[in-house]
Amino acid sequence: MTIGTAPTVESGEREAALTDSQFPGSVVDLFCGAGGLSHGFKIEGFKVAAGLDIDEKCRFPFECNNDAPFLLEDVGEIDAAELSARFLPGIPRILVGCAPCQPFSKYSQGREDGRWQLLEHFSRLICEVKPDIVSMENVPRLHKFRNSSVFDAFIRTLRNNDYFVDWKIAYCPDYGIPQSRSRLVLLASRYGPPGVPETTHDQDNYPTVRETIGDLPAIPAGGADSDDPLHRSSALSPANLDRIRASQPGGSWRDWSDDLVTACHKKPTGKGYSSVYGRMGWDDPAPTMTTQFFGFGNGRFGHPEQDRAISLREGALIQTFPRDYAFVPEGNRIEMKSIGRLIGNAVPVDLGRAIARRIRAHLDEHNQ
Ligand SMILES: C[S@@+](CC[C@H](N)C(=O)[O-])C[C@H]1O[C@@H](n2cnc3c(N)ncnc32)[C@H](O)[C@@H]1O
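Cut-offs and rules
- Residues numbered from 1 in each chain as written.
- Predicted model: local features only at pLDDT ≥ 70, side-chain atom pairs only at ≥ 80, totals over all residues.
- Core = buried A, V, L, I, M, F, W, Y, C linked by C-beta atoms within 7 Å.
- Buried ≥ 20, exposed ≤ 12 C-beta atoms within 10 Å, placed from the backbone.
- Helix = DSSP H or I, 4+ residues; strand = E, 2+ residues; numbered from the N terminus.
- Domains from an automatic or database assignment.
- Axes fitted to C-alpha atoms, helices over the stretch in contact; angles between N-to-C directions.
- Parallel < 35°, antiparallel > 145°, perpendicular 65-115°, else oblique.
- Left-handed = near helix turned anticlockwise from the far one by under 90°.
- Contact = placed C-beta atoms within 7 Å.
- Nonpolar A, V, L, I, M, F, W, Y, C, P; charged D, E, K, R; others polar.

Caption draft 1: Local environment of the nonpolar core. Residues Val27, Phe122, Val134, Phe327 and Leu351 are the most contacted members of the largest nonpolar core, which totals 87 residues. By residue number, the principal contributor to this core is helix 12 (residues 349-365), which donates seven residues. Domain assignment of the residues forming this core places at least three in each of domain 1 (9-200 + 348-365) and domain 2 (209-334).

Caption draft 2: View of unusual backbone geometry. Phi at Phe31 is positive, roughly 55°, even though this residue is not glycine. Examined against the element boundaries, Phe31 turns out to sit in the loop between strand 1 (26-30) and helix 2 (36-43). On the basis of neighbour count, Phe31 is assigned to the buried category, with 24 C-beta atoms found within 10 Å. Residues other than glycine seldom take positive phi values, yet Thr320 does so here, at roughly 60°. With respect to the helices and strands, the residue Thr320 is situated in the loop between helix 10 (312-318) and helix 11 (336-345). Its 26 C-beta neighbours within 10 Å are what place Thr320 among the buried residues.

Caption draft 3: Just the packing of helix 2 against helix 12, in detail. Contact pair helix 2 / helix 12: the axes reach a minimum separation of 7 Å and the direction vectors enclose 50°. One way to sum up the angle between helix 2 and helix 12 is to call them oblique. Between helix 2 and helix 12 the crossing geometry is right-handed. Between helix 2 and helix 12, the contacting residues are Gly36, Leu37, His39, Gly40, Phe41 and Ile43 on the first element and Val349, Asp350, Leu351, Gly352, Arg353, Ile355 and Ala356 on the second. Along the lines of polarity and charge, the residues of the contact of helix 2 with helix 12 split into seven nonpolar, four polar and two charged.

The following block contains the structure:
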């Protein structure tokens, strides 16, 4: 079978056998993307009721893997009654969302990006829809953004609306995710303090790049595996091929001889960018996957030993998407840029699972 373009039928059939009341809760996912966060809830037994996003490319992967409708809607404009109607009746209503992280991330470097206001729309929808449980995920810098005023206002709104709130900065390897990503995870509940997701790993057993992608077939830069269209890597120019051959695991362009160093890194302004053009190390977690992880020059995204950047499949596995998670219909052209964006933007599925497990335990603690 071709990997990664076919629907996950088996789990869908199993789920169809359950009646609505047997699910621990129904989940509506704002900013759903390709469905990384939702899929974590699905695996943990929740019913994903709908996902919303403004990017039409999310429709296929979201619907195909989560057995739930995708709504092409702007969170800034959606009507609360329309959203409310999506939850299943009679079971806890869980509203989850990971608003675009770019306005809060260090890469925006203080540039004003109006999308931070989407978090205010998230608050508005919570007040109007009144879900039983809320989960919000974003980059850690969110809680410092604008002297913490945006995050503080979000929490204040929740508390003023009778929610108990807990949050933490979650380090992904602590949840068995092979990636040194940190994320702010906030949970809110109407029933009592929800707690935060319990860790499952520590530094003695963090998952590694080798365990995650070490068994994939070798491919050249610009090549693809004939059995798995997603195991495809970007082409490299002759100069970049020379550069990756000179690159070290965990290193950067600083390992190269002078003739390989690009003009921009020779300038005083470029010298600070030391975490680009490196290879991953086999025996460590990978660096944080971004929307551009498939480009050698965009981070430490070189394969540990093959002379290429990691493939889309490798990025998806590092984001803990199951191997059969379909991103495009079978036979469709694989667009590196749009699929890379869906994968890099996702909440790692296993972080979604950890959030879902905490919510499930919390619902049990409160007999819901
Ligand atoms: C960080 S990603 C979410 C990833 C997703 N939760 C997952 O796990 O795969 C943010 C998403 O917000 C979407 N987005 C941006 N502006 C939006 C808006 N105004 N309304 C709805 N979605 C929006 C983007 O298209 C992107 O897919």
